[in-house]
Amino acid sequence: MTLRHMIIFRTVCEANFNITKAAELLHMTQPAVSLAIKELEQYYGVRLFDRIGRRLHITDAGQNFLQYAIHISDLFKDMETGLRDWDSRGILRVGASITIGSQFLPGYVRAFSSRFPGTDVRVVVEQTDRLEKKILHNELDFALIEGTAHDPNIMSEAYMDDYLSVVCPADGGWKQGQILTVEEFRKQRFLLREQGSGTREVFDRATEQAGFTVTPVWEAMSTTALVNAVINGLGIAVLPNRMILPAKESGLVVTVEVEGLKFQRNFYIIHHKDKFLTPSAQTFMELCRKYGEDCPECDNNG
């Protein structure tokens, strides 16, 4: 059993279990692809595919083998890329959830690039759940997210505290610091971040623990859109405190409290548990851990 066998098996799976398509992608003949699959099954003594009619259907053993094949082939690709790009100091692939990507990541990248101008930092800003998938498929070296990762193959390290604020229109009869009962809070029209975001996950977890759920009247990926909707009196939002400070300082919105409800969270650095972290990746991660010490806008009390 060789790396070639694993790449062939992975390609068949990624080609929707179509031998003909996989052979084309691999520039091989169909019999050669079929033989490689047969050799794998004989080597391990298990069925990787059920053959029903003219279609392949992956078995549980095949699903398990696929995870190893993805990880091992990606690890080999990492080694190849790392060694070939060694002289130019390589590429660093960083992911960030939307809040971190819009407010903190530009500063992180600027600080890192000033110290290591030879490293090409490539950034992806996505929903937290999509970043996790990219980590699992080795499309990112590490990511910065709001909340912990869900897959046991992903390592999570808290690196900064954060909290969400309940945001209301300043001209809607609300007072800064006003305290609501849970019942008063539940009756509001909610403008929330979309499902899959770290911000929404914190909100849903807090309300579920308090014994209720919320159906928002508005969902958006853009915090700015939600703040503007609040300003226009369309409802209230629960958003990262740091993201609503400009509107709050301008007197356009106020923040209120809810009895017994706290929307606390951490920002996390995540990476695959088996990922080889290059010196540049480790340096970037350490910069993120220490950045808040020299960053006035990172003060939690702001």
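Residues numbered from 1 in each chain as written. Predicted model: local features only at pLDDT ≥ 70, side-chain atom pairs only at ≥ 80, totals over all residues. Heavy atoms only, no water.

Novice: I tried to follow the nonpolar core on my own but got confused; where do I start?
Specialist: Soluble globular proteins tend to pack their nonpolar side chains together in the buried interior. Counting 23 residues, the largest nonpolar core has Ile100, Leu105, Tyr108, Phe142, Leu144, Tyr159 and Phe284 as its most contacted members. For this core, the secondary-structure elements that each account for two or more residues are β3 (91-96), α6 (105-115), β5 (142-146), β6 (154-169), β12 (264-272) and α12 (279-291). When residues of this core are assigned to their parent elements, the largest contribution, six residues, is made by α12. Sequence-distant contacts of Phe284, defined by excluding residues within four places in its chain, comprise Leu92, Val94, Leu105, Tyr108, Val109, Phe112, Val121 and Phe142. With 21 residues, the next largest nonpolar core counts Phe9, Val12, Ala36 and Phe49 among its residues. (Core = buried A, V, L, I, M, F, W, Y, C linked by side-chain atoms within 4.5 Å. Buried < 20%, exposed > 50% of the residue type's maximum accessible area, 1.4 Å probe, protein only. Helix = DSSP H or I, 4+ residues; strand = E, 2+ residues; numbered from the N terminus. Contact = heavy atoms within 4.5 Å.)

Novice: Would you mind showing me how to read the packing of aromatic side chains here?
Specialist: Two measures describe an aromatic ring pair: the distance that separates the ring centres and the angle between the ring planes. Throughout the structure, instances matching the rule amount to 17 aromatic pairs. The interplanar angle of 65° and the centroid separation of 5.8 Å between the aromatic rings of Phe104 and Phe267 together place this pair among those described as edge-to-face. With a gap of 163 residues between them, Phe104 in the loop between α5 (98-103) and α6 and Phe267 in strand β12 connect regions that are remote in the sequence. Each of the two residues, Phe104 as well as Phe267, counts as buried. Aromatic side chains Phe142 and Phe284 sit 5.6 Å apart centroid to centroid with 55° between the ring planes, which places their arrangement in the tilted category. In this pair, Phe142 is assigned in strand β5 and Phe284 in helix α12, connecting sequence segments 142 residues apart. On the basis of relative accessible area, Phe142 is assigned to the buried category, the value being 0%. Ring pairing ties together the aromatic residues Phe9, Phe17, Tyr43, Tyr44, Phe49 and Phe65, which thus form one cluster. (Phe/Tyr/Trp six-rings, centres within 6.5 Å; stacked < 30°, edge-to-face > 60°.)

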